[in-house]
Amino acid sequence: RQHKVVYICGELDNTITVLRYNKEALSEVMEGNFSGDVQSTGTTSLLTQIQVVSSVPENLEGKSTIAEMRLHPSGRFLFVGNRGHNSIAVFRVNSHDGTLSLVGIQSSQGAFPRHFNFDNSGNYLLVGNHASDTIVAFRISESGSLEVTDKVEGLPSIVWVTPVEPYEE
């Protein structure tokens, strides 16, 4: 990975802001003498905004908010959960500058996807749909798109999904 970026999710407006991280400015920040903002274009800015993308379709009518954002362990994809729109947006990460391009926005197969996580292999995305009490397993393709592989129902008020390694004696 050639880039140094920071991804910020705008929960209420369903946006992802990509900021370039300037490690050269860190010493000035640590000394307490830093003054700047993400709109700065100078070389002394710690963070510089380079892109803003939406995690929902442009023509969306109705309320939606971002619940979760996770970078795939490979660094190739960024996944974003949208509550209200009930979807997972998938973005491809540009390996040169960290900018994002939309792969697709897919249904979370339930209501209010509050939390999601990758399994330990990184091949599956497990989505906890809070309002429909379901966990949906998606296989992550080479292109980043998601394919439903399993669904577990009747798990009330899901707020967190964490994969674990099996215990072996």
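Just so it is clear, the structure is predicted and the values come from calculations on it, not from any experiment.

Digging into the confidence of the model for the protein chain
In this model, the protein chain carries a mean pLDDT of 90, and residues with pLDDT of at least 70 account for 91%. The least confident element of the protein chain, judged by mean pLDDT, is helix α1 (residues 26–31) at 75; the most confident is strand β6 (residues 87–93) at 98.

Let's talk about the environment of E24
Mapped onto the elements, E24 comes out in the loop between β2 (15–21) and α1. Considering only alpha carbons, one finds E24 and E142, 118 residues apart in sequence, at a separation of 35 Å.

Points about the sheet that holds strand β1 (residues 5–10)
The 3 strands are arranged β1-β2-β3 in an open sheet whose pairing can be described as antiparallel. What marks the edges here is a single partner per strand, and that holds for β1 and β3 (47–54). Sheet twist, expressed as the mean angle between neighbouring strand axes with direction ignored, is 25 degrees. One ladder, built from 6 bridges, connects β1 with β2; its direction is antiparallel. Counterpart to Y7 in the pairing with β2 is V18.

Examining the packing of aromatic side chains
For the structure on display, the rule yields 2 aromatic pairs. Between F79 and F118 the ring centres are 5.5 Å apart and the planes differ by 70 degrees, which places this aromatic pair in the edge-to-face class. Taken as a pair, F79 in strand β5 (residues 77–83) and F118 in strand β8 (residues 113–118) lie far apart in primary sequence, 39 residues in all. No difference in accessibility class separates F79 from F118, as the two residues are buried. Ring pairs connect the aromatic residues F77, F79 and F118, which therefore count as one cluster.

Comments concerning the pattern of salt bridges
Taken as a whole and judged by the stated rule, the model has 4 salt bridges. For R76, the salt bridge is made with E142, and the minimal N-O distance between the two is 3.6 Å. Placement of R76 in the loop between β4 (65–71) and β5 and of E142 in the loop between β10 (134–140) and β11 (146–153) is noted, with a sequence separation of 66 residues between them. Note that R139 and E147 form a salt bridge whose closest N and O atoms lie 3.0 Å from each other.

Definitions and cut-offs
- Residues numbered from 1 in each chain as written.
- Predicted model: local features only at pLDDT ≥ 70, side-chain atom pairs only at ≥ 80, totals over all residues.
- Heavy atoms only, no water.
- pLDDT = per-residue confidence, 0-100.
- Helix = DSSP H or I, 4+ residues; strand = E, 2+ residues; numbered from the N terminus.
- Pairing = 2+ DSSP bridges.
- Axes fitted to C-alpha atoms, helices over the stretch in contact; angles between N-to-C directions.
- Phe/Tyr/Trp six-rings, centres within 6.5 Å; stacked < 30°, edge-to-face > 60°.
- Buried < 20%, exposed > 50% of the residue type's maximum accessible area, 1.4 Å probe, protein only.
- Salt bridge = Lys/Arg side-chain N within 4 Å of Asp/Glu carboxyl O.

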